Amino acid sequence: MIKPLIKGLGVTLKHLFAPAVTIQYPEERWEPYPRYRARHIMYQREDGRPKCVVCMLCATVCPSRCIKIVGIQDEKGDQYPRRYEIDLGRCIFCGFCVEACPVNAIGMTTHYELDGPTRESLILGLEEMMRPPRG
Ligand code: SF4
Ligand code: SF4
C-alpha cells in the first residue's frame, strides 16, 4: 500500500525539479531542425517568372486539397502560374507537393510562425511564395 505511494511521490518530485521543457516565446525562439517542413517557397526561373510549369501534380497529390493554380501560356507556349495559392490553414505540411513536383519549383522552409487574424490571411499567394520568409 505504502510502496506505490512512495513511488508516485518519487515521480512527482523528479518532475518538480526537472528543468522546464517550455520556452518563453516570443522572447525565446525555437530553432527548427534543418529538415523541418513549414511555409512553402516558389523558386524562380532566370527571367524572374515562377519555375512552376502548371502540371497540376502538386494540387492532385495534396491530401488536403489546399492548392489552387491558374495557369497562363506565353507566346512560346511555356506555361507558368498566373495564380498559385496554398491555404496554410488547411495544409498538413506533409511535403507531398514538393516531392511530386517534376521541376523542383516549390520547396518548404523552416519558417513556422504562421498566423493571421482571419482564415483568408492564411492563404499563401504567389508573390509571397516568391519572397523568402523573414527571420
Ligand atoms: S504540404 Fe501536403 S497538405 Fe500542404 S500543400 Fe503540400 S501536399 Fe498539400
Ligand atoms: S507540381 Fe510543380 S510544376 Fe507542377 S503545378 Fe505543382 S509546383 Fe507547378
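Reading the values: the criteria
- Residues numbered from 1 in each chain as written.
- Chains lettered and ligands numbered in written order.
- Predicted model: local features only at pLDDT ≥ 70, side-chain atom pairs only at ≥ 80, totals over all residues.
- Heavy atoms only, no water.
- Pairing = 2+ DSSP bridges.
- Helix = DSSP H or I, 4+ residues; strand = E, 2+ residues; numbered from the N terminus.
- Phe/Tyr/Trp six-rings, centres within 6.5 Å; stacked < 30°, edge-to-face > 60°.
- Lys NZ or Arg CZ within 6 Å of the ring centre and 35° of its normal.
- Patch = residues over 30% accessible without salt bridge, like charges linked within 9 Å, V, L, I, M, F, W, Y side chains within 5 Å.
- Areas by Shrake-Rupley, 256 points an atom, 1.4 Å probe, with all protein chains shown as cover.
- Salt bridge = Lys/Arg side-chain N within 4 Å of Asp/Glu carboxyl O.
- Buried < 20%, exposed > 50% of the residue type's maximum accessible area, 1.4 Å probe, protein only.
- Near = heavy atom within 4 Å.
- Nonpolar A, V, L, I, M, F, W, Y, C, P; charged D, E, K, R; others polar.

**Regarding the sheet that holds strand β5 (residues 123-124)**
Pairing is antiparallel in the open sheet, where three strands are placed in the order β2-β3-β5. Strands at the two margins of the open sheet, each flanked by one partner only, are β2 (67-73) and β5. Summarising the sheet, β2 and strand β3 (residues 79-87) pair through seven bridges and their orientation is antiparallel. Note that in β3 the partner of Lys68 across the bridge is Glu85.

**Some thoughts on the packing of aromatic side chains**
Under the defined criterion, the tally for this structure stands at three aromatic pairs. What links up through ring pairs into an aromatic cluster is the set Trp30, Tyr36 and Tyr112. Lying across the ring of Tyr80, Arg49 places its NZ or CZ 4.7 Å from the centre.

**Let's talk about a nonpolar patch on the surface**
A grouping of Ile23, Tyr25, Trp30, Tyr33 and Tyr36 is seen on the molecular surface, where their side chains present a nonpolar patch of about 550 Å² in accessible area. Take Tyr33: it is sitting in the loop between α1 (2-16) and β1 (40-42). You can call Tyr33 exposed: its relative accessible area is 61%.

**Some remarks on the site of ligand 2**
Taken together, Cys52, Val53, Val54, Cys55, Met56, Leu57, Cys58, Ile69, Tyr84, Cys101, Pro102 and Val103 make up the full set of residues near ligand 2. Tallied by class, residues from the shell around ligand 2 come to twelve nonpolar, no polar and no charged.

**Things to note about the pattern of salt bridges**
Evaluated as defined, the whole model comprises four salt bridges. The partner of Glu113 in a salt bridge is Arg29, with the nearest N and O atoms 2.6 Å apart. Pair noted here: Glu113 is in the loop between β4 (106-108) and β5 and Arg29 is in the loop between α1 and β1, with a separation of 84 residues, a long-range link. Note that Arg83 and Glu85 form a salt bridge whose closest N and O atoms lie 3.2 Å from each other. The exposure class of Arg83 is partly exposed, given its relative accessible area of 38%. Residues joined in a network through salt bridges with shared partners are Asp47, Arg49 and Asp74.

**Some points on unusual backbone geometry**
For the peptide bond that leads from Tyr25 to Pro26, omega is 5°, which places it in the cis range. Residue placement: Pro26 occurs in the loop between α1 and β1. A positive phi angle is found at Arg65, which is not glycine, with a value near 50°. Mapping Arg65 onto the fold places it in the loop between α2 (57-61) and β2. Classification of Arg65 as exposed rests on a relative accessible area of 54%. One non-glycine residue, Asn104, lies in positive phi territory at about 50°. Here Asn104 shows up in the loop between α3 (96-100) and β4. Taking the relative accessible area as the measure of exposure, Asn104 reaches 51% and is therefore exposed.

From the geometry alone we can't say anything about function, so treat these as descriptive.
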